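Residue strings, one per chain:
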Amino acid sequence: MFILLSRLITIMPGLYIHIPFCVRKCPYCDFYSEAETEVSIPEFLRALRTEIELRAENWIIPDPAETLFFGGGTPSLLSANQLSIILHYLRDSFAIQEFPEITVEANPGTLSPEKLEGYRQEGVNRLSIGAQSFLNAELDFLGRIHRADEISRSVRAAREAGFGNIGLDLIFGLPDQTLSAWRVSVHQALELEPEHISTYALTWDNETPIGKRIQSGELPAPDESRVSDMYLWTSEILRSAGYAHYEVSNFARPGFRCRHNEGYWTGRPYLGLGPSAHSFLHEKRSWNLRDIREYIHQLRLMKLPVEGEEELSYAQRKMERLALLLRRSDGIPLDELPGNPEKLDPFFSEGLASIRDGRFALTPRGFLLADGIALRLAD
Ligand code: SF4
């Protein structure tokens, strides 16, 4: 009885599972993952199971989870059997919809036809492939483990395994990258006819190897106006190929938006499991310990591996909602916009926004300035 009363009631449409292993660390990446660690995947799975069970003791979930997202790190390092074990832990502990969206982020250098068939049999129905570039020189610069031709092989193998929802991630805005080099990657991605394409401008933390090289002047920082040109060209070419530019960095064919990420952008709650995973529940944001050894240690003590949490004020929640909704092509309902409607006029005259179906929505040119526009609107 005591346990039951101490539980909190929530709606939880999204489960995120962070797999903190990579074959090699890419020199621009500051996501938490480890390469060549002494911690084995089975050891991590034992700790993850404990976290799942402890979490389930603390929350009653009246609404089944709609989406499961395996991110990382490199989740495709998991064998189909290891993925199946995690799915069993989750299904044993949480209510999950009968047909959830189950995404696995995959690195082309870690996929095989057998693994893809196994994932499909376990119910994975969405594959997000980290292609990044179709030029080997760029893949080398980014420190990726795969070759360009492995991307098309992976997509073909995924189709043969029965995947009908495949996303490709690409990175642009590398130092010295030309628009024509970027065009090669986008056109080759289009030839593979993925349902979803994400394009991210290269970002780096100053503590990463690439960040340090740019800081020291050894590498030029990407030219901002060229990066903007690449962005606008990409939006135009992908929209003309039938993809909706539905979020700043995301494009989808009709019916293939990423439901899990849509949950993040529309402020729905989610539970993150695994080292460094973030959660958003009961208007509180919390985050797990990053270091896998500390994560495992806490769970051996039967303690939740939470490093910190913060409760958002009403003003912070409103600001966050404004910023997130502006990142989507669906925009924000006009009656949720703060301030005088006249202050919207400059955005229309500058071609940065329009009104559609009673909502204020940014154009692709506006997406380039989305964060600044959110601040101007909130002012
Ligand atoms: S594969 Fe992904 S998560 Fe791993 S180091 Fe590279 S960018 Fe980071």
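Here the residue index of a chain counts from 1 through its sequence in written order. With pLDDT at 70 or above as the cut-off, local features in this predicted model cover only qualifying residues; side-chain atom pairs require 80 or more to be listed or tallied, and sums for whole chains, interfaces and linings still use all residues. Side-chain metrics in this entry use all non-hydrogen atoms of the structure; hydrogen atoms and water are not considered.

The subject of this paragraph is the overall build of the protein chain. Numbered from the N terminus, helices here are DSSP runs of H or I no shorter than four residues, and strands are runs of E no shorter than two. The helix and strand tally for the protein chain stands at 15 helices and 17 strands. If you line up the protein chain on its principal axes, its C-alpha atoms span 60 × 50 × 45 Å. Exposure categories follow from relative accessible area, calculated using a 1.4 Å probe and restricted to protein chains: below 20% of the type maximum is buried, above 50% is exposed, and the middle band is partly exposed. Evaluated residue by residue, the protein chain yields a buried proportion of 52% over its 379 residues. Long-range pairs, those at least 24 residues apart, make up 72% of the contacts in the protein chain between residues at least 6 apart in sequence. Only carbon and sulfur atoms are counted for the fraction: they give 51% of the accessible area of the protein chain, which is about 17500 Å². What makes two residues a contact is simply this: any of their non-hydrogen atoms within 4.5 Å. Surface exposure here means Shrake-Rupley accessible area, sampled with a 1.4 Å probe, where a residue is shielded only by the protein chains that are shown.

Here the focus is the packing of aromatic side chains. Aromatic pairing here means that ring centres of Phe, Tyr or Trp (its six-membered ring) are within 6.5 Å. Orientation follows from the plane angle: under 30 degrees is stacked, over 60 is edge-to-face, and everything else is tilted. Enumeration over the complete set of coordinates arrives at 10 aromatic pairs. Between the aromatic rings of Phe 21 and Phe 44, the centroid separation amounts to 5.7 Å while the plane-to-plane angle is 80°, which identifies the pairing as edge-to-face. Of this pair, Phe 21 sits in the loop between strand 2 (14-19) and helix 2 (41-58) while Phe 44 is found in helix 2, placing the two residues 23 residues apart along the sequence. With respect to burial, Phe 21 and Phe 44 carry one shared label: buried. Every member of this aromatic cluster is reached through a ring pair, and the members are Phe 21, Phe 44 and Tyr 295.

What follows is about the pattern of salt bridges. Take a side-chain nitrogen of Lys or Arg and a carboxyl oxygen of Asp or Glu: if they are within 4 Å of each other, that pair is a salt bridge. Counting across every chain of the model gives 21 salt bridges. Among the ionic pairs, Arg 153 bridges to Asp 149, the shortest N-O distance being 3.8 Å. A residue pair is termed a helical-turn pair when its members lie 3 or 4 positions apart in one helix, as Arg 153 and Asp 149 do in helix 6 (residues 148-161) at 4 residues. By relative accessible area, Arg 153 is classed as partly exposed at 46%. For Asp 149, a relative accessible area of 44% puts it in the partly exposed group. The shortest N-O distance in the salt bridge between Asp 291 and Arg 293 comes to 3.2 Å. Look at the salt bridges and you will find they share partners, linking Glu 34, Glu 38, Asp 291 and Arg 293 into a network.

With that settled, the discussion passes to the domain arrangement of the protein chain. Here the protein chain is partitioned into domain 1 (2-265) and domain 2 (318-379). Placing the centre of domain 1 and that of domain 2 at their C-alpha centroids yields a distance of 28 Å. Listed as interface residues are 14 residues of domain 1 and, on the opposing side, 11 residues of domain 2. By buried area we mean the combined loss of accessible area, with a 1.4 Å probe, across both parts when two parts are placed together. Buried area between domain 1 and domain 2, summed over both chains or domains, comes out near 1100 Å², and the portion from carbon and sulfur atoms is 58%. Bear in mind that the domain bounds are from an automatic or database domain assignment.

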